[in-house]
2 protein chains.
Amino acid sequence: MNPSLSALCGELERVWHDTIPLTRALEIKVRSFDGKSLEVAAGLAPNINLHGTAFAGSLYAISALCGWSMVHLQLAMRELHGSIVLAEGHIRYLKPVAEDIVAVCRFGEQAAVFDQLQETGKARFPLTTQIQAKGEDAAMFEGEFGVKLKP
Amino acid sequence: MNPSLSALCGELERVWHDTIPLTRALEIKVRSFDGKSLEVAAGLAPNINLHGTAFAGSLYAISALCGWSMVHLQLAMRELHGSIVLAEGHIRYLKPVAEDIVAVCRFGEQAAVFDQLQETGKARFPLTTQIQAKGEDAAMFEGEFGVKLKP
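Everything quoted here is computed from the prediction, not taken from an experiment. Here the residue numbering is sequential within each chain, running from 1 through the sequence in written order. In the order they appear in the text, chains get letters beginning with A and ligands get numbers beginning with 1. This being a predicted model, a pLDDT of at least 70 is required before a residue's local features are given, and a value of 80 or more before pairs of side-chain atoms are given or counted; all residues contribute to the totals for chains, interfaces and linings.

Caption draft 1: Molecular detail of the packing of helix H3 (residues 56–77) of chain A against helix H3 (residues 56–77) of chain B. Fitted lines through C-alpha atoms give the axes, limited to the stretch in contact for helices. The angle between two N-to-C directions lies from 0 to 180 degrees. Numbering of helices and strands starts at the N terminus; helices are DSSP runs of H or I of at least 4 residues and strands are runs of E of at least 2. Taken N-terminus to C-terminus, the directions of H3(A) and H3(B) make an angle of 160 degrees; their axes are 9 Å apart at the nearest point. The angle between H3(A) and H3(B) falls in the class roughly antiparallel. In this structure, H3(A) meets H3(B) at a crossing whose hand is right-handed. Of the residues in H3(B), those touching H3(A) at Ala56(A), Gly57(A), Tyr60(A), Ala61(A), Ala64(A) and Leu65(A) are Ala56(B), Gly57(B), Tyr60(B), Ala61(B), Ala64(B) and Leu65(B). Roughly parallel covers angles under 35 degrees, roughly antiparallel covers those over 145, roughly perpendicular covers 65 to 115, and oblique covers all other angles. Take the far helix as your reference; a near helix turned counterclockwise from it by less than a right angle gives a left-handed crossing, and one turned clockwise gives a right-handed crossing. Here, residue contact means that the backbone-derived C-beta atoms of the two residues sit within 7 Å.

Next up, the structure:
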């Protein structure tokens, strides 16, 4: 990973684990970030359910954190500071996940959303996050993240 | 609580905590169940976020568990045994939750769904779960729970 992006990801993990206790139970970690694509991962064991596959609540929480973190990183890369909240989330579970969980979020241009953010101080970023299992789509998350810039 | 419903809820909590490790981190408990309405609760502290309010992932996981548990209890009351999985979930976050989290799921008749379950061995139960904060709606969850009866 690029050293400055790697530093941002280290700071992100500290924010997770210091301020959101559930992230420690999820055992979520950043796997990679190249400025456009963020991969986060978590072991199956702490997130297992009674079927021996990943708990639906864990898959959602990991997907939502991946999206939240993408917005956090995009702001940090632009040296912007804001409050980010999830306004709405939707997830479809397509296949059981019987392996370690990897969630991927890709960030498009969203230039119009950044323009609005700079002009009005607030905006909503729609993002999708995918989890695959055995190479196929297993969970598809869509979220709307509201951002309010801090003065 | 009616003693036989209380026993079912005790068994439900054991299933949660023995088979889904994340439920221990959520510190989720059954608060009441009267056969039609299920209330589950969790403290704010283990579920807090960096804003000092409930983490969106916790609110979803608690709502989804409340819905899953309602289906589990409805089957148990009818002495049916089945596998229950969440197929799809949607949540809207309306207000921050800065207090202990209470999720409520109410079960309507769903007679047609039970008929289909008995006839075909599988069916989908749509359920909604609500979380209030300071007496107002704070999170509204809608989920589709798929059930397959065990022979």
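Now that the structure has been shown, we can carry on.
Caption draft 2: Broad picture of helix H1 (residues 3–19) of chain A. Residues and elements named next belong to chain A. For a helix, the expected span equals 1.5 Å multiplied by the residue count minus one. The first and last C-alpha atoms of H1 sit 24 Å apart over 17 residues, in line with the 24 Å expected at 1.5 Å per residue. Counting other C-beta atoms within 10 Å of each residue's C-beta, where C-beta atoms are placed from the backbone, gives the exposure class: buried for 20 or more, exposed for 12 or fewer, partly exposed between. Every buried residue of H1 is accounted for by Cys 9, Leu 12 and Trp 16. End-on view of H1: buried residues confined to an arc of 55 degrees, all on one side of the axis. Projecting away from the buried face of H1 at angles above 90 degrees are the exposed residues Pro 3, Ser 4, Ala 7, Gly 10, Arg 14 and Asp 18. Regarding the arc, it is the one traced by the directions from the helix axis to the C-beta atoms.

Caption draft 3: Spotlight on the relation of the copies chain B and chain A. The fit set for superposing copies consists of C-alpha atoms from residues with pLDDT of at least 70 in both; the fit itself is least squares. Overlaying chain B on chain A yields an RMSD of 0.0 Å, the required transformation being a rotation through 180 degrees with an accompanying axial translation of 0.0 Å. The relationship between the two copies is best expressed as a two-fold rotation axis. Measuring from the rotation axis to each C-alpha of chain B, the shortest distance belongs to His90(B), at 2.1 Å. Mapped onto chain A, 100% of the interface residues of chain B are again interface residues, and the two copies thus contact each other with one and the same surface.

Caption draft 4: Quick look at the interface of chain B and chain A. Taken together, the contact pairs 29 residues of chain B with 29 residues of chain A. Of all the secondary-structure elements, those providing two or more residues to the side of chain B that touches chain A are helix H1 (3–19), helix H2 (21–26), H3 and strand E3 (82–93) of chain B. Here the side of chain B that touches chain A takes nine residues from E3(B), the largest share from any one element. For the side of chain B that touches chain A, the per-class residue count stands at 18 nonpolar, nine polar and two charged. Polar here means any residue other than Ala, Val, Leu, Ile, Met, Phe, Trp, Tyr, Cys and Pro, which are nonpolar, and Asp, Glu, Lys and Arg, which are charged; Gly is therefore polar.

Caption draft 5: Layout of H3(A). All names here are of chain A. With 22 residues, H3 should cover 32 Å at 1.5 Å per step; its first-to-last C-alpha distance of 31 Å lies within 8% of that length. With 19 of 22 residues buried, H3 is to be regarded as a mostly interior element. Once H3 ends, the next one or two residues include Glu 79, with phi positive near 55 degrees.

Caption draft 6: Representation of the environment of Leu12(A) within the structure. Residues and elements named next belong to chain A. Turning to its location among the elements, Leu 12 is positioned in helix H1. By C-beta crowding, Leu 12 is classed as buried, having 21 other C-beta atoms within 10 Å. C-alpha of Leu 12 to C-alpha of Asp 100: the two residues are 88 residues apart in sequence and 21 Å apart in space.

Caption draft 7: Molecular detail of the pairing of strand E1 (residues 29–33) of chain B. Residues and elements named next belong to chain B. Pairing of E1 with strand E2 (residues 37–42), which is carried by four bridges, proceeds in the antiparallel orientation. By the bridge assignment, Phe 33 is partnered in E2 with Leu 38. Whether two strands pair comes down to DSSP finding at least two bridges between them. Connecting the antiparallel pair E1 and E2 is a turn made up of three residues, with Gly 35 showing a positive phi of about 100 degrees.

Caption draft 8: Expanded view of the sheet that holds strand E4 (residues 101–106) of chain B. The strand order across the open sheet formed by 12 strands is E1(A)-E2(A)-E4(A)-E5(A)-E6(A)-E3(A)-E3(B)-E6(B)-E5(B)-E4(B)-E2(B)-E1(B), and the pairing between neighbours is antiparallel. If you trace the sheet from one side to the other, it starts and ends with strand E1 (29–33) of chain A together with E1 of chain B, each paired once. Averaged over all pairs of adjacent strands, the angle between strand axes in this sheet comes to 25 degrees, irrespective of strand direction. For E3(B) and strand E6 (residues 136–149) of chain B, the ladder comprises 11 bridges, and the chain directions are antiparallel.

Caption draft 9: Looking closely at the pairing of E4(B). All names here are of chain B. Residue alternation in E4 divides its side chains into a buried set, Ile 101, Ala 103 and Cys 105, and an unburied set, Val 102, Val 104 and Arg 106. Pairing geometry for E2 and E4, over six bridges, is antiparallel. Looking at E4, one finds that Ala 41 is bridged to Val 102. Pairing geometry for E4 and strand E5 (residues 122–133), over three bridges, is antiparallel. Within E5, the position partnered with Cys 105 by the bridge is Thr 129.

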